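Chain by chain, the residues run as shown.
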Amino acid sequence: MDEADLVARATRWREVLAESFGKSAGTVYYAAKAFISIEVTKILDHVGLGVDVCTGGEMAVATAAKFPAERMELHGNNKSPAEISDAINQGIGRIVIDSLQEIDRVQEIAKVAGVNQKVLIRITPGVEAHTHESISTAHEDIKFGLSIASGAAWKAIEKVEACSNLTLQGLHCHIGSQIFTTEGHSLAIARILELMGKFRDNTNRELMEFDIGGGFGIAYIDGEVTLDPDEALSKLAKVVKEECAKNKLTHPKISLEPGRAIIGPTTTTLYEV
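Let me begin by describing the structure that accompanies this report.

1. Let's talk about the overall build of the protein
Here is step 1: Scanning the protein for helices and strands turns up 9 helices and 9 strands.
Here is step 2: Overall size of the protein, expressed as C-alpha extent along the three principal axes, is 50 × 40 × 35 Å.
Here is step 3: In the protein, which comprises 273 residues, the share counted as buried stands at 53%.
Here is step 4: As displayed, the protein offers around 12500 Å² of accessible surface, 51% of which is attributable to carbon and sulfur atoms.
Here is step 5: Within the protein, one finds 28 positive and 38 negative side-chain charges whose respective centroids are separated by 6 Å.

2. Section: helix α1 (residues 3-21)
Here is step 1: Taking 1.5 Å of rise per residue, the 19 residues of α1 would be expected to cover 27 Å, and the 27 Å separating its terminal C-alpha atoms lies within 8% of that figure.
Here is step 2: Lining the buried residues of α1 we find β1 (25-31), α2 (38-46), α8 (229-246), β9 (253-256) and α9 (260-263).
Here is step 3: For α1, the capping residue at the N-terminal end is Asp2, with a side-chain oxygen 3.2 Å from the backbone nitrogen of Ala4.
Here is step 4: At the C-terminal side of α1, Gly22 shows a positive phi close to 55 degrees.

3. Structural notes on the nonpolar core
Here is step 1: Counting 77 residues, the largest nonpolar core has Ile121, Leu171 and Phe210 as its most contacted members.
Here is step 2: When neighbours within four sequence positions are excluded, Ile121 is seen to be in contact with Ile97, Leu146, Ala156, Ile157, Val160, Leu168, Gly170, Leu171 and His172.

4. With respect to the packing of α1 against α2
Here is step 1: Taken N-terminus to C-terminus, the directions of α1 and α2 make an angle of 40 degrees; their axes are 10 Å apart at the nearest point. On the basis of the axis angle, α1 is oblique to α2. In this structure, α1 crosses over α2, and the sense of that crossing is right-handed. Contacts between α1 and α2 pair Glu3, Leu6, Val7 and Ala10 from the former with Val40, Ile43 and Leu44 from the latter.
Here is step 2: In terms of residue class, the contact of α1 with α2 is made up of 6 nonpolar, no polar and 1 charged.

5. Some remarks on the environment of Ile263
Here is step 1: Among the structural elements, Ile263 can be located in helix α9.
Here is step 2: For Ile263, a relative accessible area of 4% corresponds to the buried category.
Here is step 3: Remark: the alpha-carbon pair of Ile263 and Met1, spanning 262 residues in sequence, is separated by 8.9 Å.
Here is step 4: Excluding residues that lie within four positions of it along the chain, Ile263 makes contacts with Met1, Leu6, Tyr30, Ala34, Phe35 and Val40.

6. Some remarks on the packing of aromatic side chains
Here is step 1: Across all of its chains, the model carries 1 aromatic pair by this definition.
Here is step 2: Taking 5.1 Å as the distance between ring centres and 40 degrees as the angle between the ring planes, the aromatic pair formed by Trp13 and Phe216 counts as tilted. Here the residue Trp13 occupies a position in helix α1, and Phe216 occupies one in the loop between β8 (209-211) and α8, the gap between them amounting to 203 residues. Assigned by exposure class, Trp13 and Phe216 land together as buried.
Here is step 3: Across the ring face of Phe67, the terminal group of Arg71 is positioned such that the distance to the ring centre comes to 4.9 Å.
Here is step 4: If you follow Lys198 out to its NZ or CZ, it ends over the ring of Trp154, 4.4 Å from the centre.

7. Section: the state of the cysteines
Here is step 1: Taken as a whole, this structure holds 0 disulfides when the rule is applied.
Here is step 2: Its sulfur unpaired, Cys173 is 14 Å from the next cysteine sulfur, which belongs to Cys244.
Here is step 3: A relative accessible area of 2% means that Cys173 is categorised as buried.

8. A word on the packing of helix α7 (residues 183-203) against α8
Here is step 1: Running from amino to carboxyl end, α7 crosses α8 at an angle of 25 degrees, the nearest separation of the two axes being 10 Å. Judged by the angle between their axes, α7 and α8 are roughly parallel. For the crossing formed where α7 meets α8, the hand is right-handed. Each of His185, Ser186, Ile189, Ala190 and Leu193 in α7 lies in contact with α8, whose residues at this interface are Leu236, Val239, Val240, Glu243 and Cys244.
Here is step 2: Its residues placed into classes, the contact of α7 with α8 shows 7 nonpolar, 2 polar and 1 charged.

What counts as what
- Residues numbered from 1 in each chain as written.
- Predicted model: local features only at pLDDT ≥ 70, side-chain atom pairs only at ≥ 80, totals over all residues.
- Heavy atoms only, no water.
- Helix = DSSP H or I, 4+ residues; strand = E, 2+ residues; numbered from the N terminus.
- Buried < 20%, exposed > 50% of the residue type's maximum accessible area, 1.4 Å probe, protein only.
- Areas by Shrake-Rupley, 256 points an atom, 1.4 Å probe, with all protein chains shown as cover.
- Lys, Arg positive; Asp, Glu negative; His and termini not counted.
- Charge placed at Lys NZ, Arg CZ, Asp CG, Glu CD.
- Expected span 1.5 Å × (residues − 1).
- Contact = heavy atoms within 4.5 Å.
- Polar contact = N/O pair within 3.5 Å; in protein donor to acceptor, adjacent residues only side chain to side chain.
- Core = buried A, V, L, I, M, F, W, Y, C linked by side-chain atoms within 4.5 Å.
- Axes fitted to C-alpha atoms, helices over the stretch in contact; angles between N-to-C directions.
- Parallel < 35°, antiparallel > 145°, perpendicular 65-115°, else oblique.
- Left-handed = near helix turned anticlockwise from the far one by under 90°.
- Nonpolar A, V, L, I, M, F, W, Y, C, P; charged D, E, K, R; others polar.
- Phe/Tyr/Trp six-rings, centres within 6.5 Å; stacked < 30°, edge-to-face > 60°.
- Lys NZ or Arg CZ within 6 Å of the ring centre and 35° of its normal.
- Disulfide = S-S within 2.5 Å.

Structural measurements only, silent on function.
This is the structure in structure tokens:
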């Protein structure tokens, strides 16, 4: 691993998010599923990134690195009660809700712990990303998130709003992996900001966080070109601005979750056969 390259890439993603979205820039959450170790997590902490963890193991590594819990989010569609409990007891910053059943689970655990847990809801916007079918995660009839088209997303919003120990901070989506264009993200942004407009109309308040996920592609083979963060985020910032104006929304805090886009080009892995 080239540590200097890792530091430079992680820092650049944080800088580009701030440059593109200004006061509306949120957090760059490094997607730990790409690769996680104690030393890598310490580097991420040093350059000011957040960490997105999907398992108890990933959370344990981040905890061992003394990574601040408030800059972590727990993600994933199969969280166990033990993982949720550990996250809440450590004071994790955000839990990303992935199903209607999970709302009850997180509410119950937060109530027992006597805390008010901040959550995001993972939305399925019905977008077919330009990626391999097996790693596309935002179209209908998929096991990730809550669908806008089916009404499940709105049902989840209402259910979280009714929970005494959950605070809905905003919405989240992740449309797939190894995506080399911005069209899919742009369409997902438009659909979710429309949903945020509906929330405002029905509650008379706005959701102030929107995590647009990750999936930014890197070159593995000839003919592939790593997606440039400057170009990609400048385009997405323009879409956010236009869609916020269209839906008469205050600009939400925009976060994202690059994983392999940060770690992939910095490493060489040797395999023995």
